[in-house]
Amino acid sequence: MELTILGSGCGIPSLQKSAPGHLIMIENEPLLFDSGSGTLARLLKVGINYQQLNHVFYTHTHSDHTADLIPLLQALRTTPGYTRKNEINLYGPEGFSDFIQVMAEIFGSWLLVPEFPLKVYDLGSDRLQFANWTVATLPMQHSRSAIGYRIETAEGHSVVYSGDTDVCPEIIELAHQANVLILECSFPDVKKMKGHLTPSEAAQIAAQAECQHLILTHLYPPFDIIEAEIQSKVHKIFTGKISIAQDFMKIKI
Ligand SMILES: [Zn+2]
Ligand SMILES: [Zn+2]
(Lines give C-alpha, C1' and ligand atoms only; values in the text may rest on other atoms or scores of the structure.)
(Ligands and ions follow the chains in the order given, each with its own letter.)
Protein backbone atom coordinates (compact mmCIF):
# COMPACT_ATOMS: atom_id res chain seq x y z
CA MET A 1 0.00 0.00 0.00
CA GLU A 2 1.30 3.46 -0.86
CA LEU A 3 -0.12 6.82 0.16
CA THR A 4 0.43 9.99 -1.87
CA ILE A 5 -0.66 13.33 -0.47
CA LEU A 6 -2.06 15.23 -3.45
CA GLY A 7 -3.19 18.24 -1.43
CA SER A 8 -1.98 19.10 2.07
CA GLY A 9 -3.91 22.32 2.48
CA CYS A 10 -7.50 23.45 2.90
CA GLY A 11 -9.90 25.70 0.97
CA ILE A 12 -7.58 28.70 0.96
CA PRO A 13 -5.78 28.97 -2.41
CA SER A 14 -2.05 28.40 -1.97
CA LEU A 15 0.92 27.52 -4.18
CA GLN A 16 2.45 25.50 -1.32
CA LYS A 17 -0.49 23.52 0.00
CA SER A 18 -3.30 22.47 -2.33
CA ALA A 19 -6.88 21.52 -1.47
CA PRO A 20 -7.40 18.05 0.08
CA GLY A 21 -6.77 14.99 -2.06
CA HIS A 22 -5.23 11.64 -1.04
CA LEU A 23 -4.27 8.75 -3.28
CA ILE A 24 -3.91 5.28 -1.83
CA MET A 25 -2.56 2.61 -4.18
CA ILE A 26 -3.32 -0.97 -3.23
CA GLU A 27 -1.55 -3.17 -5.75
CA ASN A 28 -2.67 -1.53 -9.02
CA GLU A 29 -5.95 -0.09 -7.72
CA PRO A 30 -5.91 3.68 -7.18
CA LEU A 31 -8.27 4.82 -4.42
CA LEU A 32 -8.94 8.53 -4.20
CA PHE A 33 -10.00 10.14 -0.92
CA ASP A 34 -11.47 13.63 -1.39
CA SER A 35 -10.90 15.71 -4.50
CA GLY A 36 -10.54 19.39 -3.77
CA SER A 37 -9.82 21.87 -6.53
CA GLY A 38 -6.96 20.75 -8.79
CA THR A 39 -6.81 17.17 -7.49
CA LEU A 40 -7.31 15.60 -10.96
CA ALA A 41 -4.36 17.50 -12.43
CA ARG A 42 -2.14 16.54 -9.47
CA LEU A 43 -3.24 12.93 -9.94
CA LEU A 44 -1.96 13.12 -13.55
CA LYS A 45 1.28 14.58 -12.25
CA VAL A 46 1.91 11.48 -10.10
CA GLY A 47 1.22 9.21 -13.08
CA ILE A 48 -2.37 8.19 -12.40
CA ASN A 49 -4.95 8.88 -15.07
CA TYR A 50 -8.46 9.74 -13.79
CA GLN A 51 -9.73 7.02 -16.16
CA GLN A 52 -8.13 4.42 -13.85
CA LEU A 53 -10.35 5.41 -10.92
CA ASN A 54 -13.08 2.97 -9.92
CA HIS A 55 -13.60 4.09 -6.31
CA VAL A 56 -13.66 7.67 -5.03
CA PHE A 57 -14.36 8.39 -1.37
CA TYR A 58 -15.56 11.66 0.15
CA THR A 59 -15.35 12.62 3.82
CA HIS A 60 -17.96 15.39 3.49
CA THR A 61 -19.40 17.72 0.92
CA HIS A 62 -17.57 20.99 1.68
CA SER A 63 -16.20 22.38 -1.57
CA ASP A 64 -12.54 22.17 -0.51
CA HIS A 65 -13.03 18.36 -0.49
CA THR A 66 -15.40 17.92 -3.46
CA ALA A 67 -14.64 20.64 -6.03
CA ASP A 68 -13.18 18.18 -8.58
CA LEU A 69 -16.03 15.67 -8.37
CA ILE A 70 -18.14 17.19 -11.18
CA PRO A 71 -15.04 17.73 -13.41
CA LEU A 72 -14.14 14.05 -12.87
CA LEU A 73 -17.55 12.82 -14.04
CA GLN A 74 -17.54 15.26 -16.94
CA ALA A 75 -14.06 14.14 -18.04
CA LEU A 76 -15.02 10.46 -17.82
CA ARG A 77 -17.96 11.22 -20.10
CA THR A 78 -16.43 13.56 -22.65
CA THR A 79 -12.74 12.69 -23.13
CA PRO A 80 -12.29 12.34 -26.94
CA GLY A 81 -11.63 8.75 -27.98
CA TYR A 82 -12.41 7.35 -24.52
CA THR A 83 -15.56 5.37 -23.76
CA ARG A 84 -15.92 4.52 -20.12
CA LYS A 85 -17.11 0.95 -19.53
CA ASN A 86 -16.13 0.38 -15.91
CA GLU A 87 -18.46 1.30 -13.09
CA ILE A 88 -17.46 4.29 -11.00
CA ASN A 89 -18.31 4.04 -7.31
CA LEU A 90 -18.68 7.22 -5.29
CA TYR A 91 -18.82 7.03 -1.50
CA GLY A 92 -19.74 9.79 0.92
CA PRO A 93 -21.45 10.49 4.22
CA GLU A 94 -25.20 10.39 4.86
CA GLY A 95 -26.96 12.69 2.41
CA PHE A 96 -24.27 12.25 -0.23
CA SER A 97 -26.71 10.86 -2.83
CA ASP A 98 -28.96 13.90 -2.19
CA PHE A 99 -25.92 16.10 -2.78
CA ILE A 100 -25.38 14.41 -6.18
CA GLN A 101 -29.08 14.94 -7.00
CA VAL A 102 -28.80 18.66 -6.25
CA MET A 103 -25.61 18.88 -8.31
CA ALA A 104 -27.51 17.25 -11.19
CA GLU A 105 -30.14 19.99 -10.96
CA ILE A 106 -27.37 22.57 -11.28
CA PHE A 107 -25.01 20.93 -13.78
CA GLY A 108 -27.50 18.82 -15.76
CA SER A 109 -29.30 15.51 -15.48
CA TRP A 110 -26.44 13.76 -17.38
CA LEU A 111 -24.77 13.61 -13.99
CA LEU A 112 -27.20 10.91 -12.86
CA VAL A 113 -27.00 8.94 -16.14
CA PRO A 114 -23.48 9.74 -17.38
CA GLU A 115 -23.32 6.95 -20.08
CA PHE A 116 -21.31 4.67 -17.81
CA PRO A 117 -22.38 2.80 -14.67
CA LEU A 118 -22.40 5.11 -11.65
CA LYS A 119 -23.07 3.99 -8.10
CA VAL A 120 -23.42 6.32 -5.12
CA TYR A 121 -23.19 5.15 -1.52
CA ASP A 122 -24.19 6.97 1.68
CA LEU A 123 -22.05 5.75 4.57
CA GLY A 124 -22.12 6.22 8.35
CA SER A 125 -20.75 3.45 10.56
CA ASP A 126 -19.98 0.96 7.82
CA ARG A 127 -17.49 -1.66 6.74
CA LEU A 128 -17.01 -2.46 3.07
CA GLN A 129 -15.16 -5.57 1.96
CA PHE A 130 -13.23 -5.50 -1.31
CA ALA A 131 -10.97 -8.14 -2.86
CA ASN A 132 -7.79 -7.56 -0.81
CA TRP A 133 -8.78 -4.68 1.40
CA THR A 134 -11.53 -3.25 3.57
CA VAL A 135 -12.81 0.27 4.14
CA ALA A 136 -14.41 1.12 7.48
CA THR A 137 -16.13 4.41 8.27
CA LEU A 138 -17.32 6.23 11.37
CA PRO A 139 -19.07 9.59 11.72
CA MET A 140 -16.79 12.53 12.50
CA GLN A 141 -17.68 15.78 14.26
CA HIS A 142 -17.58 18.55 11.70
CA SER A 143 -20.46 19.40 9.37
CA ARG A 144 -24.04 18.08 9.23
CA SER A 145 -22.59 14.75 8.17
CA ALA A 146 -18.91 13.85 7.84
CA ILE A 147 -17.10 10.55 8.02
CA GLY A 148 -13.57 9.31 8.51
CA TYR A 149 -12.09 6.30 6.70
CA ARG A 150 -9.92 3.37 7.72
CA ILE A 151 -8.35 1.43 4.85
CA GLU A 152 -6.86 -1.91 5.75
CA THR A 153 -5.19 -4.50 3.55
CA ALA A 154 -5.55 -8.27 3.94
CA GLU A 155 -2.01 -8.25 5.45
CA GLY A 156 -3.22 -5.91 8.21
CA HIS A 157 -1.61 -2.66 7.03
CA SER A 158 -3.81 0.32 7.80
CA VAL A 159 -4.26 3.99 6.97
CA VAL A 160 -6.84 6.21 8.66
CA TYR A 161 -7.98 9.55 7.23
CA SER A 162 -10.06 11.86 9.41
CA GLY A 163 -11.22 14.35 6.80
CA ASP A 164 -12.31 17.40 8.79
CA THR A 165 -13.22 16.78 12.42
CA ASP A 166 -13.20 18.08 15.96
CA VAL A 167 -12.16 15.87 18.86
CA CYS A 168 -14.53 12.89 19.12
CA PRO A 169 -14.33 9.31 20.40
CA GLU A 170 -14.98 7.97 16.91
CA ILE A 171 -11.68 9.19 15.45
CA ILE A 172 -9.77 7.56 18.32
CA GLU A 173 -11.68 4.31 17.73
CA LEU A 174 -11.21 4.42 13.95
CA ALA A 175 -7.48 5.14 14.30
CA HIS A 176 -6.77 2.45 16.88
CA GLN A 177 -3.20 1.20 16.33
CA ALA A 178 -3.20 2.32 12.70
CA ASN A 179 0.12 2.31 10.83
CA VAL A 180 -0.62 5.77 9.48
CA LEU A 181 -3.09 8.34 10.79
CA ILE A 182 -3.77 11.34 8.54
CA LEU A 183 -5.35 13.92 10.79
CA GLU A 184 -6.52 17.39 9.96
CA CYS A 185 -4.74 20.11 11.93
CA SER A 186 -6.34 23.37 10.86
CA PHE A 187 -5.51 26.03 13.43
CA PRO A 188 -3.07 26.78 16.29
CA ASP A 189 -4.21 26.04 19.84
CA VAL A 190 -4.99 29.71 20.59
CA LYS A 191 -7.09 30.02 17.40
CA LYS A 192 -9.19 26.88 18.03
CA MET A 193 -12.19 26.67 15.67
CA LYS A 194 -15.14 24.42 16.43
CA GLY A 195 -15.22 21.45 14.04
CA HIS A 196 -11.45 21.42 13.49
CA LEU A 197 -8.35 20.23 15.35
CA THR A 198 -5.35 22.06 16.80
CA PRO A 199 -1.85 20.54 17.12
CA SER A 200 -2.34 19.62 20.81
CA GLU A 201 -5.70 17.99 20.13
CA ALA A 202 -4.35 16.05 17.14
CA ALA A 203 -1.42 14.85 19.24
CA GLN A 204 -3.75 13.65 22.00
CA ILE A 205 -5.89 11.73 19.49
CA ALA A 206 -2.79 10.08 17.99
CA ALA A 207 -1.50 9.17 21.48
CA GLN A 208 -4.83 7.71 22.59
CA ALA A 209 -5.24 5.82 19.33
CA GLU A 210 -1.67 4.46 19.67
CA CYS A 211 -1.00 4.92 15.97
CA GLN A 212 2.54 4.60 14.60
CA HIS A 213 2.85 7.53 12.24
CA LEU A 214 0.86 10.75 12.49
CA ILE A 215 0.57 12.92 9.38
CA LEU A 216 -0.89 16.36 9.97
CA THR A 217 -2.70 17.95 7.05
CA HIS A 218 -5.41 20.55 6.13
CA LEU A 219 -3.28 23.37 7.57
CA TYR A 220 -4.63 26.91 7.30
CA PRO A 221 -2.27 29.81 6.52
CA PRO A 222 -0.12 31.36 7.86
CA PHE A 223 1.64 27.96 7.62
CA ASP A 224 4.79 29.01 9.51
CA ILE A 225 2.81 29.67 12.68
CA ILE A 226 0.97 26.34 12.78
CA GLU A 227 4.07 24.41 11.59
CA ALA A 228 6.10 25.93 14.43
CA GLU A 229 3.41 24.95 16.90
CA ILE A 230 3.34 21.40 15.53
CA GLN A 231 7.13 21.19 15.96
CA SER A 232 7.04 22.53 19.50
CA LYS A 233 3.94 20.83 20.93
CA VAL A 234 3.08 17.57 19.19
CA HIS A 235 6.26 15.68 20.17
CA LYS A 236 5.57 16.33 23.85
CA ILE A 237 2.23 14.51 23.69
CA PHE A 238 2.68 11.90 20.95
CA THR A 239 5.86 9.83 20.87
CA GLY A 240 5.38 8.11 17.49
CA LYS A 241 6.58 9.37 14.11
CA ILE A 242 5.21 12.79 13.12
CA SER A 243 5.06 14.37 9.66
CA ILE A 244 3.62 17.61 8.39
CA ALA A 245 1.93 16.75 5.09
CA GLN A 246 3.39 18.29 1.93
CA ASP A 247 1.93 18.11 -1.56
CA PHE A 248 3.26 15.03 -3.39
CA MET A 249 4.63 13.40 -0.22
CA LYS A 250 4.69 9.59 -0.65
CA ILE A 251 4.56 7.05 2.18
CA LYS A 252 4.89 3.29 1.78
CA ILE A 253 2.89 1.32 4.31
ZN1 LIG B 1 -11.84 21.10 4.78
ZN1 LIG C 1 -15.08 20.88 6.03
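Residues numbered from 1 in each chain as written. Chains lettered and ligands numbered in written order. Predicted model: local features only at pLDDT ≥ 70, side-chain atom pairs only at ≥ 80, totals over all residues. Heavy atoms only, no water.

Novice: How should the pattern of salt bridges be read in this particular structure?
Specialist: If the charged atoms of two oppositely charged side chains come close together, the side chains can form a pair. Going through the model one piece at a time under the given rule, you end up with 10 salt bridges. In this structure, Lys17 and Glu227 form a salt bridge, with 3.7 Å as the shortest nitrogen-oxygen distance. Taken together, the residues span a long stretch of sequence, with Lys17 in the loop between β1 (2–7) and β2 (21–26) and Glu227 in helix α7 (residues 223–237) at a distance of 210 residues. With its nearest N and O atoms 3.7 Å apart, the salt bridge here joins Arg77 to Glu115. Of this pair, Arg77 sits in helix α3 (residues 69–78) while Glu115 sits in the loop between α4 (96–107) and β6 (118–123), placing them 38 residues apart in sequence. (Salt bridge = Lys/Arg side-chain N within 4 Å of Asp/Glu carboxyl O. Helix = DSSP H or I, 4+ residues; strand = E, 2+ residues; numbered from the N terminus.)

Novice: When you look at the coordination of the zinc ion (ligand 2) in this model, what are you seeing that I'm missing?
Specialist: Put simply, a metal with four donors set out as a tetrahedron has ideal angles of 109.5 degrees, and one with six donors set out as an octahedron has ideal angles of 90 or 180 degrees. Note on the zinc ion (ligand 2): its protein donors are His60 (NE2), His62 (ND1), His142 (NE2) and Asp164 (OD). The metal-donor distances range over 2.1 to 2.4 Å. In this structure, the zinc ion (ligand 2) is coordinated by 4 donor atoms arranged in irregular fashion, with angles at the metal of 90 to 171°. Look at where the donors of the zinc ion (ligand 2) fall in the sequence and you get H-x1-H-x79-H-x21-D. In this structure the zinc ion (ligand 1) is found 3.5 Å away from the zinc ion (ligand 2), and Asp164 serves as a bridging donor for the pair. Taken together, the residues His60 in the loop between β4 (55–57) and α2 (63–66) and His142 in the loop between β8 (133–139) and β9 (147–153) connect sequence positions 82 residues apart. For His60, a relative accessible area of 0% puts it in the buried group. (Donors = N, O, S within 2.8 Å, 3.2 Å for Na, K, Ca; no water. Tetrahedral: all angles 85-135°; square planar, octahedral: opposite > 155°, others 65-115°. Buried < 20%, exposed > 50% of the residue type's maximum accessible area, 1.4 Å probe, protein only.)

Novice: Help me understand the sheet that holds strand β5 (residues 88–93) in this model?
Specialist: With mixed pairing, 7 strands are arranged side by side in an open sheet as β6-β5-β4-β3-β2-β1-β14. Pairing within the sheet leaves two strands with one partner each, and these edge strands are β6 and β14 (250–252). Mean inter-strand twist for the sheet, computed between neighbouring axes without regard to direction, equals 20°. Bridge count for β5 against β6 is 6 bridges, and the pairing is parallel. When the sheet's bridge partners are listed, Pro93 is paired in β6 with Leu123. Here α3 sits on the sheet and contacts β3 (29–35), β4, β5 and β6; the angle it forms with β5, its principal contact strand, is near 170°. The strands touched by α4 within the sheet are β5 and β6, with β6 carrying the most contacts at an inclination of about 135°. (Pairing = 2+ DSSP bridges. Axes fitted to C-alpha atoms, helices over the stretch in contact; angles between N-to-C directions. Contact = heavy atoms within 4.5 Å.)

Novice: Is there a simple way to think about unusual backbone geometry in this case?
Specialist: Trans is the common state for peptide bonds, and a negative phi is the common state for residues other than glycine. With omega at 0°, the peptide bond leading from Pro221 into Pro222 counts as cis. Examined against the element boundaries, Pro222 turns out to sit in the loop between β12 (213–217) and α7. Of note in this structure, Glu27 is not a glycine but carries a positive phi near 55°. Tracing the backbone shows Glu27 in the loop between β2 and β3. Judged by relative accessible area, Glu27 falls into the exposed class, the value being 58%.

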